[in-house]
Amino acid sequence: MAEPLRRARAGTFGIFGINGFLLGMWVVHIPAIEHRTGISHSTLGSLLLLMAVGAIGGMQVSGPLADRFGSRRMVIVAGLALSVATLGPGLASTAWQLGLALLVFGFANGALDVSMNSQAVEVEQRYRRPIMSAFHALFSVGGVAGSLLGAATLAAGWAPLTALLVAGCIGVVTVAACSRRLMADRPRSRHDPAHAETAHGRLSARVLALGGIAFVLMLSEGVANDWSTLQVKEHLGTSDSVAALAFGAFSVMMTVGRFTADRVSAALGPVAVVRYGTLIAALGMLLVLVSGLLPLTILGWALFGLGLSGCVPQIFTAAGNLGAGSAGTNMSRVVGLGYVGFLAGPATIGWITQVVPLTVAMVVPLVCVLVAATCAGVVRRT
């Protein structure tokens, strides 16, 4: 295999890793920044919505720009912007300053999300075998690294601004180092029918289908991220530390699954990854719903993570291969719909728990993964 292709893969790995790292650094500093700005939990929740709005905006802007100027340029610009924007929350001392910082941070993160996935599709096309899941695995590894470093700086008594400044510098250096390795996009035809359809603002049925399945799968992932620990604590009456094992099991198996999903996809195809993966996730969630034993419940969350792990990368790959000249735009729409689901899931569960117990509300992600299993054919290679 040509050395430039290996270098491009390594550079894209680095970008996914630094994206997860910067997000991990931000997440562990949320309580300290909340205390510094003197805001309430409810105000923080509202400000986090601004981050989500910024992310969706960044996704929609970066997709067409990646089609026009190339994903490589957009990755570099968005990666550097995110590295600098990481300082924003550390500088904020009032609610409005934090809101503005999170809006900018979210915009840069959304732009990087779409552009780096477009670059990953470009590299995967030239590899001629599935490698998308491994990129997402590096994102997970980066998030763990950022969380661990953030926890270490907090334990050492560093101010959030100091820690985020260090993280931003690491981000700038990493993006600069990876920029030399990223792959220039191949020339794309502007006369491609898929591009013409996208350019006129119409969503093809396949883009909508991919966006819909991304929505239900990322909704399920969002539920696991925000509610798994509370579900175990409430349902089984465990301590906080024991309940945290649920999210730990989910996260570890998500990472493990992403490192192995490419081989499964190469052997059996992307449809099998999504169909059987979501069925494994459904089995896991069924265990969570019916189990009254801690080991079985933890196993359920682990299976849920394993099943979901390889699904979303298959969807992003399919979106990036829909049509020449419109890969970035298609990616931005599919990723955007998925991100809406990721945000909507936890909120939906919160509303449902006003009328039923939290464990019963887990029927929602169970139904979502079953719907995804029936629609898995939409990721079939064309």
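To keep things clear, this report deals only with the structure shown in the data block. (Residues numbered from 1 in each chain as written. Predicted model: local features only at pLDDT ≥ 70, side-chain atom pairs only at ≥ 80, totals over all residues. Heavy atoms only, no water.)

1. Overview of helix H14 (residues 311–320)
Counting buried positions along H14 yields ten of ten residues, so the element is predominantly enclosed. Within the sequence span of H14, burial applies to Cys311, Val312, Pro313, Gln314, Ile315, Phe316, Thr317, Ala318, Ala319 and Gly320. (Buried < 20%, exposed > 50% of the residue type's maximum accessible area, 1.4 Å probe, protein only. Helix = DSSP H or I, 4+ residues; strand = E, 2+ residues; numbered from the N terminus.)

2. Observations concerning unusual backbone geometry
The phi angle at Arg128 is positive, at roughly 65°, despite the residue not being glycine. Residue position: Arg128 is located in the loop between helix H6 (95–127) and helix H7 (132–155).

3. Observations concerning the pattern of salt bridges
Opposite charge on two side chains allows them to pair when their charged atoms are near. Applying the stated criterion across every chain yields a total of three salt bridges. Of the charged contacts in the structure, one is a salt bridge between Arg126 and Glu122, with a shortest N-O distance of 3.2 Å. Placement of both Arg126 and Glu122 in helix H6 is noted, with a separation of four residues, approximately one turn of the helix. Since its relative accessible area comes to 0%, Glu122 is described here as buried. (Salt bridge = Lys/Arg side-chain N within 4 Å of Asp/Glu carboxyl O.)

4. A short note on the nonpolar core
Core analysis: the largest hydrophobic core is formed by 98 residues, its most contacted members being Leu217, Trp301, Phe304, Ile315 and Phe316. In this view, Phe304 contacts Ser220, Ala224, Phe250, Ala281, Gly284, Met285, Pro365 and Val369; residues no more than four positions away in its chain are not counted. (Core = buried A, V, L, I, M, F, W, Y, C linked by side-chain atoms within 4.5 Å. Contact = heavy atoms within 4.5 Å.)

5. Some words on the layout of surface pockets
Considered as a void within the structure, the largest pocket measures approximately 1900 Å³ in volume. Secondary structure elements with two or more residues in the lining of the largest pocket: helix H1 (3–28), helix H3 (41–69), H6, H7, helix H10 (205–236), helix H11 (240–268), H14 and helix H15 (327–352). By residue class, the composition of the lining of the largest pocket is 29 nonpolar, 15 polar and four charged. Looking at the second largest pocket, its volume works out to about 340 Å³. Contributions of two or more residues to the lining of the second largest pocket are made by H6 and H14. Take the lining of the second largest pocket: its biggest share by element is three residues, from H14. (1 Å grid on protein atoms, 1.4 Å probe; cavity = no way out; pocket = protein on both sides within 12 Å on 5 of 7 lines; lining within 4 Å. Points joined across faces, edges and corners; volume = space filled by probe spheres on them. Nonpolar A, V, L, I, M, F, W, Y, C, P; charged D, E, K, R; others polar.)

6. Let's talk about the environment of Arg68
Along the polypeptide, Arg68 turns up in helix H3. In this structure the C-alpha to C-alpha distance between Arg68 and Thr329, which are 261 residues apart in sequence, comes to 9.8 Å.

7. Things to note about the packing of H1 against H7
Orientation of H1 relative to H7, taken along the N-to-C sense of each, is 40°, at an axis distance of 6 Å. If you check the angle between H1 and H7, you find them oblique. Seen from above, H1 lies across H7 with right-handed handedness. Class assignment for the residues of the contact of H1 with H7 results in 14 nonpolar, eleven polar and one charged. (Axes fitted to C-alpha atoms, helices over the stretch in contact; angles between N-to-C directions. Parallel < 35°, antiparallel > 145°, perpendicular 65-115°, else oblique. Left-handed = near helix turned anticlockwise from the far one by under 90°.)

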